[in-house]
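# What the coordinates show
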Amino acid sequence: MIKFEGVHKWFKKLHVLNGIDLHVKQGEVVVVCGPSGSGKSTLIRTINQLEPIEEGSLIVDGMDLRSKKTDINKLRAEVGFVFQQFNLYPHLSVIDNITLAPTKIRRTPKKEAQEQAMELLERVGLAVKRDAYPTQLSGGQQQRVAIARALAMKPRIMLFDEPTSALDPEMIGEVLAVMQDLASTGMTMVCVTHEMGFAREVSDRVVFMDHGVILEEAQPEEFFRNPQHDRAKQFLKQLLSPMH
Amino acid sequence: MLKYTFDWSIVTSGKYFEWLVSGLKVTLELSAVGIVCAFLLGLLIAVLKMSHYRPVRWIATAYLEFFRNTPLLVQIFFWYFGSYKVLPTAVNEWLNSTNFEFAAAAIALTIYTSAFIAEDIRSGILSIPKEQMEAARSAGFSYLRSMQYIILPQAVRITIPPLVNQFLNLAKNSSLAMSIGVMELTYQARQVESYTFKGFEAFTAATVVYLGLSVVITALMDLYNKKVLNPHRA
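Residues numbered from 1 in each chain as written. Chains lettered and ligands numbered in written order. Predicted model: local features only at pLDDT ≥ 70, side-chain atom pairs only at ≥ 80, totals over all residues. Heavy atoms only, no water.

### Examining the overall build of chain A
When helices and strands are tallied, chain A shows nine helices and 10 strands. Dimensions of chain A along its principal axes, counting C-alpha atoms only, are 55 × 45 × 30 Å. Going through the 244 residues of chain A one by one, you find that 56% of them count as buried. Looking at chain A alone, contacts between residues at least 24 apart form 66% of all its contacts between residues at least 6 apart. Only carbon and sulfur atoms are counted for the fraction: they give 48% of the accessible area of chain A, which is about 11100 Å². (Helix = DSSP H or I, 4+ residues; strand = E, 2+ residues; numbered from the N terminus. Buried < 20%, exposed > 50% of the residue type's maximum accessible area, 1.4 Å probe, protein only. Contact = heavy atoms within 4.5 Å. Areas by Shrake-Rupley, 256 points an atom, 1.4 Å probe, with all protein chains shown as cover.)

What follows is the structure, encoded as structure tokens:
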């Protein structure tokens, strides 16, 4: 479904992705973790070409991201993206946030799009907020609407870029629950997150990155019980007991 | 001692009153056409100025600098006395069959004001967080569609206060159209003064009407902002 082969990317002189090889299969849930500045956000952003790559090959849902023939807007419509800062459209109500892309890009009739939006809002537990505006919602609620908005396009892949990092601790659970529910439907998911509970319980594979390189790739149980790389050991130790 | 005797009746009823009313109508038409066209053109120029393509940006920049930095009166004269000299005969015949004074004034006001509006809207666009564009592009919207549905609606809200200023300027600047014979409010006030020598009354009347027009524009924009753009904040 997603295949990185020898992918490189630079920000000016900074080598942010240094030879990435990664293959995500259909229906797989992959968690990407690593210290800040490791390139994990850049990695996930290359998948829908928010960040273009400079070397190597990247195939997403059968489309070659380096080919000039690939219609990038078409690819993005098939790939849902959830941001750390939610990025809802502040001038639109919750329901309009969700129906905008389906009605304008997919040409779904408005009524049908609204019915689908309501189903999605039920699923994320926010049907009562259909006419609210983003500023009237808590962070957790905004993120759940953002997930519903991405799902409204019926994507084949969902990408999550630190979806809970901007949330108060008591709101993290509600967002993770929605993501777990989504994973159980067989959605292909790539999540950059530090929520190790989610990684352990929901993901099929954990990818650990540092300095633009994938240092370790393992089943979650194995990764947490017996990390191979020193940098991964140190990272897990700090994550589990930050005071030491 | 004051020798002048006031006669307000000339501007509140009768023939001269009707002149002023017909002038107001033309002023309203000119302002309405100008505001709508200048806004749309300003939007377009603002988007072009932010284009990824350098030549497009250059054209937009040249447009902005040229029309912002030359006097409106010269631009009005250019369209009225200059432009038709280089147009084909057929076009000129058509222009003469229409109200060419009005058209020249409307074009000049539109283009002149659009340059200012474009800069206001551009600063509005720049104030929208770049993540909004990312969210729109991620959903599969093209750059222009992202502008249309996500960025511009937000930018225009922020731009309302400076836009009101530009609309007011346009309405007041429409008085310069008298210089090429457009029979708008100032032209008619001048006519009333010529016929009656009651300059104080005639121009007081014009002043009051312009003031009223400005108040109405401000109130309408305020209403639009509150009821249409920000209903949830009301």
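### Brief notes about the environment of Tyr195 of chain B
Looking at the secondary structure, you find Tyr195 of chain B in helix H9 (residues 185-196). Filtering out sequence-adjacent residues up to four positions away, Tyr195 of chain B remains in contact with Tyr16 and Trp19 of chain B.

### Some words on the sheet that holds strand S5 (residues 63-64) of chain A
All names here are of chain A. Reading across the sheet, the four strands line up as S2-S1-S4-S5 and stay open at both edges, with antiparallel pairing between neighbours. Both outer strands of the open sheet, strand S2 (14-24) and S5, are each paired with one neighbouring strand and no more. Bridging between strand S1 (residues 2-11) and strand S4 (residues 55-60) involves five bridges; their strand directions are antiparallel. Residue pairing in the sheet places Lys3 in a bridge with Ile59 of S4. (Pairing = 2+ DSSP bridges.)

### Observations concerning the packing of helix H7 (residues 130-139) of chain B against helix H8 (residues 143-173) of chain B
Residue and element names in this part refer to chain B. Contact geometry of H7 with H8 gives a least axis separation of 9 Å together with a crossing angle of 135°. By the criterion of interaxial angle, the relationship of H7 to H8 is oblique. The two elements H7 and H8 cross, and the hand of that crossing is right-handed. Listed contacts from H8 to Gln132, Met133, Ala136 and Arg137 of H7 are Tyr143, Ser146, Met147, Ile150, Ile151 and Gln154. Partitioned by chemical class, the residues of the contact of H7 with H8 number six nonpolar, three polar and one charged. (Axes fitted to C-alpha atoms, helices over the stretch in contact; angles between N-to-C directions. Parallel < 35°, antiparallel > 145°, perpendicular 65-115°, else oblique. Left-handed = near helix turned anticlockwise from the far one by under 90°. Nonpolar A, V, L, I, M, F, W, Y, C, P; charged D, E, K, R; others polar.)

### Some details on the packing of aromatic side chains
Per the counting criterion, the structure on display carries 20 aromatic pairs over all chains. Among the aromatic residues, those joined into a cluster by ring pairs are Phe77, Tyr80, Phe81, Tyr84 and Phe100 of chain B. The lysine or arginine in question, Arg149 of chain A, covers the ring of Tyr89 of chain A, its NZ or CZ lying 4.4 Å from the ring centre. Lying over the aromatic face of Tyr4 of chain B, Lys198 of chain B brings its terminal NZ or CZ to 4.8 Å of the ring centre. (Phe/Tyr/Trp six-rings, centres within 6.5 Å; stacked < 30°, edge-to-face > 60°. Lys NZ or Arg CZ within 6 Å of the ring centre and 35° of its normal.)

### Here we look at the packing of helix H2 (residues 14-49) of chain B against H9 of chain B
Residues and elements named next belong to chain B. Two numbers describe how H2 lies on H9: the axes approach to 7 Å, and their chain directions differ by 160°. Considered as vectors, H2 and H9 are oriented roughly antiparallel to each other. Crossing of H2 over H9 shows right-handed handedness. Packed against H2, whose contacting residues are Tyr16, Trp19, Leu20, Ser22, Gly23, Leu24 and Thr27, the element H9 presents Leu185, Gln188, Ala189, Gln191, Val192, Tyr195 and Thr196 at the interface.

### As for the interface of chain B and chain A
With 18 residues of chain B at the contact, the number on the chain A side is 23 residues. Here chain B and chain A share one salt bridge between them. Inspection of the region where chain B meets chain A yields five residue pairs in polar contact (both at pLDDT 80 or more). The set of elements that each furnish at least two residues to the side of chain B that touches chain A consists of H7 and H8 of chain B. (Salt bridge = Lys/Arg side-chain N within 4 Å of Asp/Glu carboxyl O. Polar contact = N/O pair within 3.5 Å; in protein donor to acceptor, adjacent residues only side chain to side chain.)

### Concerning the UniProt feature "domain: ABC transmembrane type-1" (unreviewed entry) in chain B
Summarizing the sequence annotation, UniProt attributes the feature "domain: ABC transmembrane type-1" (unreviewed entry) to residues 24-221 of chain B in the numbering used throughout. With 83% helix and 0% strand, residues 24-221 of chain B has its two end C-alpha atoms placed 20 Å apart. (UniProt positions renumbered as here; feature names shortened; annotations may be inferred.)

### Notes on helix H6 (residues 169-184) of chain A
Residues and elements named next belong to chain A. Taking 1.5 Å of rise per residue, the 16 residues of H6 would be expected to cover 22 Å, and the 24 Å separating its terminal C-alpha atoms lies within 8% of that figure. Every buried residue of H6 is accounted for by Met171, Ile172, Val175, Leu176, Val178, Met179, Leu182 and Ala183. Each buried residue of H6 lies within a common arc of 155° when the element is viewed along its axis, so the set occupies one face. Exposed residues on H6 whose side chains face more than 90 degrees from its buried face are Glu170 and Ser184. As for H6, its buried residues are in contact with strand S3 (29-33), helix H4 (110-123), helix H5 (139-151), strand S7 (157-161), strand S8 (188-192) and helix H7 (196-202). In the stretch just after H6, Gly186 is the one whose phi turns positive, near 90°. (Expected span 1.5 Å × (residues − 1). Arc of directions from axis to C-beta.)

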